[in-house]
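Here is what each chain is made of, one letter per residue.
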Amino acid sequence: MVTKNADQMKALALKLFEINAFKFGDFKMKVGINSPVYFDLRVIVSYPDVMKTVSELLVAHIKELQLSSKHVCGVPYTALPLATIVSVQQHTPMLVRRKEAKDYGTKKLIEGIYHAGDTCLIVEDVVTSGSSILDTVRDLKSEGIVCTDAVVVVDREQGGVANIAKHGVRMHSLFTLSFLLNTLHEEGRIERETVDAVAKYIAAVQINSDGSFVGGDKPHEAANEFSRTKLTYESRANLAKSPLAKRLFNLMATKKTNLCLAADLTKADAILDMADKCGPYICLLKTHVDIVEDFTESFIVNLKALSARHNFLLLEDRKFADIGNTVALQYGKGIYKISDWADLVTAHTLPGRSIVQGLKAALDGNDVAKERGVFLLAEMSANGNLIDEKYKENSNKIATEGGDVDFVTGVVCQSTGCFAFPGLIQLTPGVKIDESVDKLGQQYNTPEHVIKERGADIGVVGRGILQAANVEKAALTYSDRLWAAYEERVAK
Ligand code: 5BU
């Protein structure tokens, strides 16, 4: 670890977290096991200031350690731009290792000018087992080049140091995973619980350089322990990228409710009455504003007042599905002016990323932009719906990758497998105490089933409450049962 520039190191750690160069969740790794933490330093090429800082720190590190070599060589591909900057800044010639030999011309694996006996410093972004470093070292060695040291940005502390040392290569890392975890915790970005869970995972999952695990099957058990459904809403609030997700997670945790009421009634007064009665037991009130027959602006004023009085958020279940331009108009204009009052909306992912961009565009320059969010639909409760696995996978990508993730609060879906990122909220409709179907294809599950088996964070209940003889009592029962199921789910 670098000892100098402590403030710069801390700032860089926070910046890397901010730009999603690493995240927490449940990620499939190359070695065939899931990991609670995932690094993707490929994104840094999009942030020249981060590239500059990382490469400056690498150069400082090389100087501090007095590592002198004739060449530098980056491990393909992510470390190539970093190695390039290091080479230029230090005036040290670079070598480029091809991943595959060309099948024409020179068939060379190593590009650049070198002689047998030359020394070469390896540059790498993230080290897990160290096997990628060893692949590069092997090819350099086969040309007679001597490699004794590697500078790396992040050491995941899963056996890499020892694995490469066995081949005579010393690893010097800017960051260890422990440093990153502790820094994020000190700066209030993640809970102690997350630090401990990841540390436990890392200790249990140590990898040999051939990709096998130290300790046989045990690592697989450790990998299963850290999934979004095991974490508390408080700790997930800290991991959320969307301000609305943070707010909703915290609201749920303090009010101790994960119930969303679907207020599917057609008269404004009936909705307001329901909101007043059920308000104390819900975290969200879901509307379909286009079914209200006597809509007026005062309905919205009254609904907002109830949401403030009882501390719940408003979700307009508009299910936007058009091109970005139309969606921006539907969200901000027309009779309902949804963006003026709905904290959250729902949208289909059918049009692709432009659906999120369209919604965000409607808020451009608006003060409330940071107080809005969207739930993306990745699955439906309707019997025979057309959503398939590929659609779900792509919906997850829209929700978790790219520049608009701060607007995505969660995912509307029916099962745990739709997304893994713990900073998103799973909203699951189709909840009723008596599991059944309705005449129009709705399929119901119990509160316990959706929370414990299907990964729901919030259960949406409409007719289960609206048609009850005593709606307040029904809301309390649903709220209690959903909450108890959540507490059981996260209990160790
Ligand atoms: P119910 O009365 O509990 O069946 O109402 C369910 C609500 O959730 C209703 O407003 C639907 O529009 C909404 N819903 C759903 O039921 N299933 C889905 O997959 C999605 C939304 Br998306």
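The structure displayed is predicted, hence computed values, not measured ones.

Caption draft 1: Geometry of the nonpolar core. Counting 87 residues, the largest nonpolar core has Leu248, Leu284 and Ile465 as the members making the most contacts within it. In terms of residues, this core owes the most to one element, helix H19 (residues 471-490), which gives 9 residues. Residues in contact with Ile465, not counting those within four places in the same chain, are Leu259, Leu261, Cys278, Val471, Ala474, Ala475 and Tyr478. The next biggest cluster of nonpolar side chains, apart from the first, holds 49 residues, and it includes Met9, Phe24, Met51 and Tyr201.

Caption draft 2: Up close: the pattern of salt bridges. All told, the structure shown has 28 salt bridges when counted by the stated rule. With a closest N to O distance of 3.2 Å, Asp135 and Arg138 form a salt bridge. Remark: Arg138 and Asp135 occur in helix H4 (residues 131-141); sequence separation between them is 3 residues, near one turn of the helix. Taking the relative accessible area as the measure of exposure, Asp135 reaches 31% and is therefore partly exposed.

Caption draft 3: Geometry of the sheet that holds strand S14 (residues 344-348). Taken in spatial order, the 8 strands close into a barrel running S11-S12-S13-S14-S15-S16-S17-S18, and their pairing is parallel. Between one strand axis and the next, the sheet turns by 30° as a mean value, whatever way the strands run. For strand S12 (residues 284-287) and strand S13 (residues 313-320), the ladder comprises 4 bridges, and the chain directions are parallel. Counted as the bridge partner of Thr287 is Glu316 from S13. Lying on the sheet, helix H10 (residues 243-255) is in contact with S12, S13, S14, strand S15 (373-377), strand S16 (408-412), strand S17 (425-428) and strand S18 (458-461); it crosses S13 at an angle near 130°. Packed onto the sheet, H19 meets strand S11 (259-262) and S18 and runs at close to 145° relative to S11.

Rules and cut-offs
- Residues numbered from 1 in each chain as written.
- Predicted model: local features only at pLDDT ≥ 70, side-chain atom pairs only at ≥ 80, totals over all residues.
- Heavy atoms only, no water.
- Core = buried A, V, L, I, M, F, W, Y, C linked by side-chain atoms within 4.5 Å.
- Buried < 20%, exposed > 50% of the residue type's maximum accessible area, 1.4 Å probe, protein only.
- Helix = DSSP H or I, 4+ residues; strand = E, 2+ residues; numbered from the N terminus.
- Contact = heavy atoms within 4.5 Å.
- Salt bridge = Lys/Arg side-chain N within 4 Å of Asp/Glu carboxyl O.
- Pairing = 2+ DSSP bridges.
- Axes fitted to C-alpha atoms, helices over the stretch in contact; angles between N-to-C directions.

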